[in-house]
Amino acid sequence: MRDGVAIKVQGDPEHPPTQGVLCHKVSRYTERTYHPERVLHPLKRVGPKGRGQFVRVGWDEALDDIAARLSAIAARNPEAVLPYSYAGTMGLVQGDGMAARFFHRMGASLLDRTICSSAGGDAIAATYGGKVGMHVGDFAHSRLILIWGSNPITSSVHFWALAQQAKRAGAKLICIDPRRSETAEKCHQHIALKPGTDGALALGLMHELERQGLLDADYLERHVDGWPLLRERAVAWTAERTAAECGITADEVRELAREWGTTRPASIRLNYGMQRVRGGGNAVRLVAMLPCLTGAWKQRGGGLLLSSSGWFALHRNTAWLQRPDLLGDRRPRTINMVTIGDDLLRESSPDFGPKIEALVVYNTNPVAVAPDSGKVVQGFRREDLFTVVLEHFLTDTADHADYVLPATTQLEHWDVHGTYGHTWVVLNEPAIAPCGEARSNAEIFRALAQRMGYSEPCFADSDEAMARGAFHDTAVPWAELRRRGHAPLPLPEQPFARGGFLTPGGQVVVDAPGLGVPDYLPNHESAQTAPELARRYPLAMISPPARNFLNSTFANVQSLQAIEGEPLLEVHPDDAGARGIADGALVDVWNDRGRYRCRAAVSTRARPGVVNGLGIWWRKQGVQGTNVNELTSQQLTDIGRGPTFYDCLVEVAAIAE
Ligand SMILES: Nc1nc2c(c(=O)[nH]1)N[C@H]1C(S)=C(S)[C@@H](COP(=O)(O)OP(=O)(O)OC[C@H]3O[C@@H](n4cnc5c(=O)[nH]c(N)nc54)[C@H](O)[C@@H]3O)O[C@H]1N2
Ligand SMILES: Nc1nc2c(c(=O)[nH]1)N[C@H]1C(S)=C(S)[C@@H](COP(=O)(O)OP(=O)(O)OC[C@H]3O[C@@H](n4cnc5c(=O)[nH]c(N)nc54)[C@H](O)[C@@H]3O)O[C@H]1N2
Ligand SMILES: [Mo]
């Protein structure tokens, strides 16, 4: 700080899980906060929807009008109002704290927040009883780490530091990823399977573990319920069949099983990249069995981590933060955020309920990040839809708003956070006064509540009071958060060394209620399930995040944009050669849903038959005003009603410039 201005954002060296290491994009947070294009005043639309033409208005005018419009719709049917939010900030106050209270009080439609992790999250919860796993710090003790569907150099740097520590102590790192990511090239081995075949690989490993006599019979007997049912499935998955399905070699399968079964301690850093396909939930359930089959949990540095968020849920004050009791006996419908494209275009019907008449968007940029954006854009362009967007910038989504309300950044507001993999609660104190006329999300919903006559005392809670109450003080003392900025959750060491999973019976569950025994499910869009489609669109496309962006956040920060260059599609030299595509050529990528133009990077980062469209650029930064989500589909995952961004067939052709 200097004279009330933030000059640098850096990590705290005394924060145990990160030790002061900050990822590159967030180190540019001041550049983003003081960006010349930041929205600093309320804006009201004057041009056609989507054009981004606005005039400045005062807060009172904007809030009075918004409250009146929402009140009128809610008086007819509150479910015609849909709140839509996700990852901008996932803080407990500025995420779904005051906003949740507000929409619960209204009786608005509920939102199924599925766009990221629900397939894997629900799958791991069905297996272990919660979104829990080994403690991230213990990876430093591993002798073998499988980095599975995860690119930690990009998306989880604090875990990568621990993997490096393990590597220096002699551990082997194996990356399982269709793309030769930044991480894959730094591991000892890279297994480049086809997208969506992880479930088959897990079954093949089970087959080999048994065949090679590497199961831990004692751990299985005591702590796993239903292994014989799964064993019956695995019998059919010989190394040869597995290899053919995954597009790898049988030796890779056999050798991976041998190493997994003989190295101690052995761990898996599973991440969400592998569950964005039709069978993503089943695949997570299958992979989650691997450390149970070999008793890997018994050693410190052994086990699996997909998510630590279940540990936070044990100590969070969610009912107080979000006040679902304000619904009374109303049971509003739930809209899945993944299918917002279709749902905005639906009329009222007995099945669907009322047509969506108002959309209040905060912490998310759905026009850029939701699948099948052709439909999403069509929905957002509806002249009879009233849209309010709380934002820092005129994103693709804000361009479609009737009102854009300027929100504070994390430098300007109070919050408290769970985390992406570790188990320390983190405090977010404001460092600077709000820029321009920006207000925090919570402050905006508080002001709207007042105008709509919501007089319950909870609408008077300050942002700081909400941060203070977010966790039970006995577990996460506020005084410690204020003093140090962070506080560890009180958790057992090596939680599952002697079983004690969070399931009702304390055992790992194979045959889960309502889900059955997990199995491999090929992609929605694959030669097995859609042969005619696969003939027309022979390439599978995945679209993981670019290293210097956070989903679509930071895509407009110049220093980061300069590093990423422009939207790219990585194409393997064989696929490029067959289509006459030169490195750097402009290409069209298309399928039945849409068409997207960008530049080709001919590179062995792509495996044959798979193209990588790194994201998530804003649509308006694209050559023709589209991005990769023009191509992705609204089909859902097997478990968790999640998106299938990486289950997407396309064709690519060079175009004349
Ligand atoms: N093709 C493809 N699509 C994907 C993915 C993919 O891998 N491929 N990834 C998916 C995943 S994992 C996710 S999580 C989603 C994420 O998608 P989103 O939830 O939309 O996340 P962002 O794109 O980061 O956009 C967040 C927006 O919130 C704003 N924001 C940040 N902080 C605040 C705040 O305090 N207040 C307000 N009002 N606004 C704020 C930012 O300016 C930004 O515009 O995208 C999904 N979409
Ligand atoms: N820099 C940066 N960091 C981020 C984000 C960001 O956008 N940028 N986003 C944040 C968010 S919201 C999330 S959810 C996480 C996402 O981070 P991760 O959970 O790590 O997920 P992704 O980055 O989508 O994918 C990880 C890897 O999975 C690979 N993959 C794709 N399909 C498959 C498959 O079928 N099988 C296997 N085995 N691998 C596959 C991709 O090629 C990619 O290298 O990162 C968070 N961190
Ligand atoms: Mo995410």
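The structure displayed is predicted, hence computed values, not measured ones.

Cut-offs used in this document
Residues numbered from 1 in each chain as written. Chains lettered and ligands numbered in written order. Predicted model: local features only at pLDDT ≥ 70, side-chain atom pairs only at ≥ 80, totals over all residues. Heavy atoms only, no water. Near = heavy atom within 4 Å. Polar contact = N/O pair within 3.5 Å; in protein donor to acceptor, adjacent residues only side chain to side chain. Areas by Shrake-Rupley, 256 points an atom, 1.4 Å probe, with all protein chains shown as cover. Nonpolar A, V, L, I, M, F, W, Y, C, P; charged D, E, K, R; others polar. Pairing = 2+ DSSP bridges. Helix = DSSP H or I, 4+ residues; strand = E, 2+ residues; numbered from the N terminus. Axes fitted to C-alpha atoms, helices over the stretch in contact; angles between N-to-C directions. Left-handed = near helix turned anticlockwise from the far one by under 90°. Contact = heavy atoms within 4.5 Å. Phe/Tyr/Trp six-rings, centres within 6.5 Å; stacked < 30°, edge-to-face > 60°. Buried < 20%, exposed > 50% of the residue type's maximum accessible area, 1.4 Å probe, protein only. Lys NZ or Arg CZ within 6 Å of the ring centre and 35° of its normal. Expected span 1.5 Å × (residues − 1). Domains from an automatic or database assignment. Buried area = accessible area lost by both parts, 1.4 Å probe. Salt bridge = Lys/Arg side-chain N within 4 Å of Asp/Glu carboxyl O. Patch = residues over 30% accessible without salt bridge, like charges linked within 9 Å, V, L, I, M, F, W, Y side chains within 5 Å. Core = buried A, V, L, I, M, F, W, Y, C linked by side-chain atoms within 4.5 Å.

What about the site of ligand 1?
Next up, step 1: Lining the immediate surroundings of ligand 1 are 30 residues, of which Arg32, Glu391, Ser552, Thr553 and Tyr646 lie closest.
Next up, step 2: Between an oxygen atom of ligand 1 and a side-chain N or O atom of Glu391, the distance comes to 2.5 Å.
Next up, step 3: Within the complex, the protein chains bury 96% of what would otherwise be the 920 Å² of accessible surface of ligand 1.
Next up, step 4: Here the residues of the shell around ligand 1 sort into 12 nonpolar, 15 polar and three charged.

Some remarks on the sheet that holds strand E17 (residues 486-488)
Next up, step 1: Strands sit in the order E15-E16-E17 across an open sheet of three strands; the sheet is antiparallel. Two strands lie at the open edges of the sheet, namely strand E15 (415-417) and E17, each paired on one side alone. Strand-to-strand, the axes of this sheet are offset by a mean angle of 15°, without reference to chain direction.

With respect to the packing of helix H10 (residues 239-246) against helix H11 (residues 250-262)
Next up, step 1: For the pair H10 and H11, interaxial distance at closest approach is 7 Å and the crossing angle is 115°. Crossing geometry of H10 relative to H11 is assigned as right-handed. Contacts between H10 and H11 involve Ala239, Glu240, Thr242 and Ala243 from the former and Ala250, Val253 and Arg254 from the latter.
Next up, step 2: Tallied by class, the residues present in the contact of H10 with H11 amount to four nonpolar, one polar and two charged.

A word on the packing of aromatic side chains
Next up, step 1: In total, this model carries 21 aromatic pairs according to the counting rule given.
Next up, step 2: The interplanar angle of 50° and the centroid separation of 5.6 Å between the aromatic rings of Phe102 and Tyr454 together place this pair among those described as tilted. In this pair, Phe102 is assigned in helix H3 (residues 98-106) and Tyr454 in the loop between helix H18 (441-451) and helix H19 (463-469), connecting sequence segments 352 residues apart. Tyr454 carries the same exposure label as Phe102, and that label is buried.
Next up, step 3: Aromatic ring contacts, followed pair by pair, group Phe102, Phe103, Tyr362, Phe445, Tyr454 and Phe459 into a single cluster.
Next up, step 4: The aromatic ring of Trp320 is capped on one face by Arg101, whose charged end is 4.9 Å from the ring centroid.
Next up, step 5: Just above the ring of Phe352 sits the side chain of Arg346; from NZ or CZ to the centre is 5.6 Å.

Thoughts on helix H12 (residues 280-293)
The periodicity of an α-helix, 3.6 residues per turn, causes residues three or four places apart in sequence to face the same way.
Next up, step 1: A rise of 1.5 Å per residue sets the reference length of H12, with its 14 residues, at 20 Å; its end C-alpha atoms lie 20 Å apart and thus fit the reference within 8%.
Next up, step 2: Following H12 by one or two positions, Gly295 has its phi on the positive side, about 65°.

Considering the sheet that holds strand E5 (residues 144-148)
Next up, step 1: Taken in spatial order, the five strands line up as E7-E6-E5-E9-E10 in an open sheet, and their pairing is parallel. Each of the sheet's edge strands pairs with one partner strand only, and the pair in question is strand E7 (189-191) and strand E10 (303-305). Averaged over all pairs of adjacent strands, the angle between strand axes in this sheet comes to 20°, irrespective of strand direction.
Next up, step 2: Looking at chain direction, strand E6 (residues 172-176) and E7 are connected through three bridges and run parallel. Within E7, the position partnered with Ile174 by the bridge is Gln189.
Next up, step 3: Set on the sheet, H11 makes contact with E5, E6, E7, strand E9 (266-270) and E10; between it and E7 the angle comes to about 125°.

A look at the domain arrangement of the protein chain
Interface size is commonly expressed as the accessible area that is lost once the parts come together.
Next up, step 1: On domain assignment, one finds that the protein chain holds domain 1 (38-116 + 317-413 + 436-462), domain 2 (119-306) and domain 3 (531-654).
Next up, step 2: Counting residues at the interface gives 27 residues for domain 2 and 24 residues for domain 3.
Next up, step 3: Buried area between domain 2 and domain 3, summed over both chains or domains, comes out near 2,000 Å², and the portion from carbon and sulfur atoms is 52%.
Next up, step 4: A per-residue breakdown of the area domain 2 buries against domain 3 is headed by Arg179, Arg180 and Arg276, which together make up 32% of the total.
Next up, step 5: Applying the counting rule to domain 2 against domain 3 returns two salt bridges.
Next up, step 6: Ionic pairing is found between Arg605 and Glu185, a salt bridge with its closest N-O pair at 3.0 Å.
Next up, step 7: Joining domain 2 to domain 3, the criterion identifies 12 residue pairs in polar contact (both at pLDDT 80 or more).
Next up, step 8: Of all the secondary structure elements, the ones that give two or more residues to the side of domain 2 that touches domain 3 are helix H4 (118-128), helix H5 (152-155) and H12.

Quick look at a nonpolar patch on the surface
Next up, step 1: Together, Val5, Ile7 and Tyr34 make up an exposed nonpolar region whose accessible area comes to about 240 Å².
Next up, step 2: Checked against the element boundaries, Val5 lands in the segment before helix H1 (29-33).
Next up, step 3: Owing to a relative accessible area of 36%, Val5 belongs among the partly exposed residues under this scheme.

Here's the deal with the nonpolar core
Next up, step 1: Phe102 and Trp148 are the most contacted members of the largest nonpolar core, which totals 132 residues.
Next up, step 2: The element that contributes the greatest number of residues to this core is H12, accounting for nine residues.
Next up, step 3: Counting contributing residues per domain, this core is built from domain 1 (38-116 + 317-413 + 436-462) and domain 2 (119-306), each supplying no fewer than three.
Next up, step 4: Those residues in contact with Trp148 that lie beyond four places of it in its chain are Ile176, Asp198, Leu201, Leu205, Ile268, Arg269, Leu270, Asn271, Met274, Val287 and Leu290.

Considerations on the side chain of Thr632
Next up, step 1: Along the chain, the position of Thr632 falls in the loop between strand E23 (610-613) and strand E24 (649-654).
Next up, step 2: For Thr632, a relative accessible area of 0% puts it in the buried group.

Examining the pattern of salt bridges
Any two side chains of opposite charge can pair if their charged atoms end up close together.
Next up, step 1: Scanning all chains against the criterion turns up 47 salt bridges.
Next up, step 2: With a closest N to O distance of 3.2 Å, Glu437 and Arg56 form a salt bridge. Of this pair, Glu437 sits in the loop between strand E16 (424-428) and H18 while Arg56 sits in strand E2 (residues 54-56), and the two are 381 residues apart along the sequence.
Next up, step 3: Classification of Glu437 by relative accessible area gives partly exposed; the value is 28%.
Next up, step 4: The class for Arg56 is exposed, based on a relative accessible area of 53%.

Here we look at the site of ligand 2
Next up, step 1: Taken together, 32 residues sit near ligand 2, with Asp177, Arg276, Phe549, Asn551 and Tyr646 positioned nearest.
Next up, step 2: At a separation of 2.5 Å, a nitrogen atom of ligand 2 approaches a polar backbone atom of Phe549.
Next up, step 3: At 2.6 Å from an oxygen atom of ligand 2 is found a side-chain nitrogen or oxygen belonging to Tyr646.
Next up, step 4: When ligand 2 is considered free in solution it has 910 Å² of accessible area, and contact with the protein chains removes 96% of it.
Next up, step 5: There are two domains that each give the shell around ligand 2 at least three residues, and those are domain 2 (119-306) and domain 3 (531-654).

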